[in-house]
Amino acid sequence: MEAPKYIQLNRTGRMSGDQRRRRVGIVGYGHLGQYLVKRLQDDGLRHGLELAFVWNRDARKLVGIVPEELQLGKLTDFLERRADVIIEVAHPCIVQDHGESFLKAADFMVGSPTALADLDTELKLRKAAREAGHTLYIPSGALWGGQDIQRLDDGGLLQALTVTMVKHPSSFRVGGHLGELAKGAQQERVVLYDGPVRRLCPLAPNNVNTMAAACMAAPSLGFDGVKGCLIADPNLPDYHVVEIDATGQGGFSVSTKRKNPAACGAVTGAATFAAFWSSLLVCQGHGGRVYLC
Ligand SMILES: NC(=O)c1ccc[n+]([C@@H]2O[C@H](COP(=O)([O-])OP(=O)(O)OC[C@H]3O[C@@H](n4cnc5c(N)ncnc54)[C@H](O)[C@@H]3O)[C@@H](O)[C@H]2O)c1
């Protein structure tokens, strides 16, 4: 397995002179994409990172904000920009349609891990990472203790994992049956879903990335074995709650509860933006495997 290529910082917190900067391609220029581009422009150099390109489905959104030479017109032209790491922060369909070609050329951080609930996509990306020696990075997002879960799973000790997410009804971007249930939660808490994460991901792709990250951290259980419980609660106007319950052999158990401040109606909690930046800093190349960052 390839050794991680960590950036060495000198005493002033800058890279040593002989190291090449890692080039970062950003796919998607919504809330997360804009945040990451700004952080890269403001702080990238001192972390040994530079922008390789920014792509957005609607290219007009980039005009006048992202320097022209960094705008990528056609996503299939990404190879020309020689990115070392590509970050998807757009939509699960980008992971499904382009993830494999990204991994053949670069490390790839999947911002929308609900895409991996599609078994073909998960297997295809795992294989591409293995064969190319590039890393498939899964950002922890709002998942607390993801690496502990991964270690437990690696050791064959994890027996069950449940992720419960509670948000204000206005924070859900769901249609169909779940949408109707969420609308009905104006006065009291309503359980929208309780069952395997695999079936929930296509129903609420924007709301359950944390659950999908947990499934990738625990491959022995995976999307069929990890349970997800999604709850709409009108009494949570300014934060989201994420609860993790893990059980292991010999009576072992861990329960955590995270309160993630979020503006009313926001799909993404405020702390998740900074968490994404920290995740990007970890993406230094960990060889051909899946890595929770
Ligand atoms: N891993 C996590 O914890 C986590 C946290 C928050 C958001 N996310 C995911 O990251 C992605 C971006 O989140 P955001 O808050 O920046 O969303 P956003 O809605 O603010 O931005 C999404 C961007 O992607 C583009 N887009 C939408 N649908 C597209 C499609 N079908 N093809 C190509 N481009 C498309 C939009 O034009 C927009 O520029 C979403 O998929 C979201 O679910 C993950």
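Basis of the calculations
- Along each chain, residues carry numbers from 1 onward, in the same order as the chain's sequence is written.
- Reporting in this predicted model follows two pLDDT cut-offs: at least 70 for local features of residues, and 80 or more for side-chain atom pairs to be given and counted; totals over whole chains, interfaces and linings ignore these cut-offs and use all residues.
- As a rule here, side-chain values come from all non-hydrogen atoms in the structure, and water together with hydrogens is ignored.
- UniProt positions are given in the numbering used here, feature names are shortened, and annotations may be inferred rather than shown by experiment.
- A helix here means a DSSP run of H or I that spans at least four residues, while a strand means a run of E at least two residues long, and both kinds are numbered starting from the N terminus.
- Computation of the radius of gyration draws on C-alpha atoms, with the globule rule given as 2.2 Å multiplied by the number of residues to the power 0.38.
- Think of it in three bands: with a 1.4 Å probe and only protein chains considered, a residue is buried below 20% of the maximum accessible area for its type, exposed above 50%, and partly exposed in between.
- Throughout, a disulfide means two cysteine sulfur atoms within 2.5 Å of one another.
- The near set for a molecule or strand comprises every residue that places at least one heavy atom within 4 Å of it.
- Definition of a polar contact: a pair of N or O atoms within 3.5 Å, with one able to donate and the other able to accept a hydrogen when the atoms are protein atoms, and with sequence-neighbouring residues admitted only if both atoms are side-chain atoms.
- Per-residue and other accessible areas follow the Shrake-Rupley method at a 1.4 Å probe size, with only the shown protein chains counted as cover for residues.
- Polar here means any residue other than Ala, Val, Leu, Ile, Met, Phe, Trp, Tyr, Cys and Pro, which are nonpolar, and Asp, Glu, Lys and Arg, which are charged; Gly is therefore polar.
- Any two residues whose heavy atoms approach within 4.5 Å are treated as being in contact.
- Note on ring pairs: Phe, Tyr and Trp rings are taken, using the six-membered ring of Trp, and paired if centres are within 6.5 Å. Classes follow the plane angle, with under 30 degrees stacked, over 60 edge-to-face and the rest tilted.
- In this analysis, strands are considered paired if DSSP registers two or more bridges between them.
- For helices, the fitted line uses only the C-alpha atoms of the stretch in contact; every axis is such a line through C-alpha atoms, and the angle between N-to-C directions lies from 0 to 180 degrees.

As annotated in an unreviewed UniProt entry, the protein carries the name Aspartate dehydrogenase domain-containing protein and comes from Podarcis lilfordi. Quoted straight from UniProt, the Sequence similarities (unreviewed entry) entry for the protein says "Belongs to the L-aspartate dehydrogenase family."

Novice: Teacher, can you tell me more about the overall build of the protein here?
Specialist: Counting its secondary structure elements, the protein contains nine helices and 11 strands. Relative to its length of 293 residues, the protein is compact, with a C-alpha radius of gyration of 19 Å against a globular reference of 19 Å. Taken along its principal axes, the extent of the C-alpha atoms in the protein is 55 × 45 × 40 Å. Looking at the protein residue by residue over its 293 residues, the buried ones come to 53%.

Novice: For this particular structure, what's the right way to read the state of the cysteines?
Specialist: Structurally, a disulfide amounts to a covalent bond that connects the sulfur atoms of two cysteines. According to the stated counting rule, one finds zero disulfides in the structure shown. Among the cysteines around Cys215, which has no disulfide bond, Cys201 carries the closest sulfur, lying 6.3 Å off. Of the residues examined, Cys215 reaches a relative accessible area of 1% and is grouped as buried. Cys283 takes part in no disulfide bond, and the closest cysteine sulfur to it belongs to Cys293, at a distance of 4.2 Å.

Novice: I tried to follow the UniProt feature "domain: Aspartate/homoserine dehydrogenase NAD-binding" (unreviewed entry) in the protein on my own but got confused; where do I start?
Specialist: Under the local residue numbering, the UniProt record ascribes the feature "domain: Aspartate/homoserine dehydrogenase NAD-binding" (unreviewed entry) to residues 28–139. End C-alpha atoms of residues 28–139 are separated by 16 Å, and the span's content is 37% helix alongside 16% strand.

Novice: What am I meant to see in the site of the ligand here?
Specialist: As a matter of local geometry, the ligand sits amid 24 residues, with His31, Leu32, Asn56, Gly111 and Ser112 nearest to it. Within the contact set of the ligand, an oxygen atom lies 2.8 Å away from a backbone nitrogen or oxygen of Leu32. A distance of 3.1 Å separates an oxygen atom of the ligand from a polar side-chain atom of Asn206. Calculation on the ligand without its partners gives an accessible area of 850 Å², and the protein chains cover 86% of this total. Mapped by element, the contributors of at least two residues to the shell around the ligand are helix 1 (31–43), helix 2 (92–105) and helix 9 (270–282). Classifying every residue of the shell around the ligand gives 10 nonpolar, 11 polar and three charged.

Novice: For this particular structure, what's the right way to read the side chain of Glu88?
Specialist: Counting through the fold element by element, Glu88 comes out in strand 3 (residues 85–88). Among the polar contacts made by the side chain of Glu88, one reaches the main-chain amide nitrogen of His91 at a distance of 2.9 Å. Those residues in contact with Glu88, other than ones at most four positions away along the chain, are Val27, Ile94, Val95, Phe108, Met109, Val110, Gly111 and Ser112.

Novice: What is the right way to read the packing of aromatic side chains from this model?
Specialist: In this description, a pair of aromatic rings is defined by centroid distance and the angle of the planes. For the coordinates displayed, the defined rule picks out four aromatic pairs. Taken together, a centroid distance of 5.2 Å and an interplanar angle of 70 degrees make the contact between Phe102 and Phe108 edge-to-face. Residue class for Phe108 comes out buried when judged on its relative accessible area of 0%. Between Tyr137 and Tyr291 the ring centres are 5.9 Å apart and the planes differ by 75 degrees, which places this aromatic pair in the edge-to-face class.

Novice: How do you make sense of the UniProt feature "domain: Aspartate dehydrogenase" (unreviewed entry) in the protein when you look at a structure like this?
Specialist: Under the local residue numbering, the UniProt record ascribes the feature "domain: Aspartate dehydrogenase" (unreviewed entry) to residues 187–272. Taken end to end, residues 187–272 is 23% helix and 37% strand, and its two terminal C-alpha atoms sit 28 Å from one another.

Novice: Help me out: how do you make sense of the sheet that holds strand 8 (residues 227–232) in this one?
Specialist: Where strands meet in a sheet, backbone hydrogen bonds hold them as pairs that are either parallel or antiparallel. Strand order in this open sheet of five strands is 7-8-6-9-10, and the pairing throughout is mixed. Edge positions in the sheet fall to strand 7 (190–196) and strand 10 (253–261), since each of these pairs with one other strand and no more. Adjacent strand axes in the sheet meet at a mean angle of 10 degrees, parallel and antiparallel pairs treated alike. For strand 6 (residues 158–167) and strand 8, the ladder comprises six bridges, and the chain directions are parallel. By the bridge assignment, Lys167 is partnered in strand 8 with Ala232. Against the sheet, helix 7 (residues 209–217) makes contact with strand 6, strand 8 and strand 9 (239–248), and its axis sits at roughly 170 degrees relative to strand 6, the strand it touches most.

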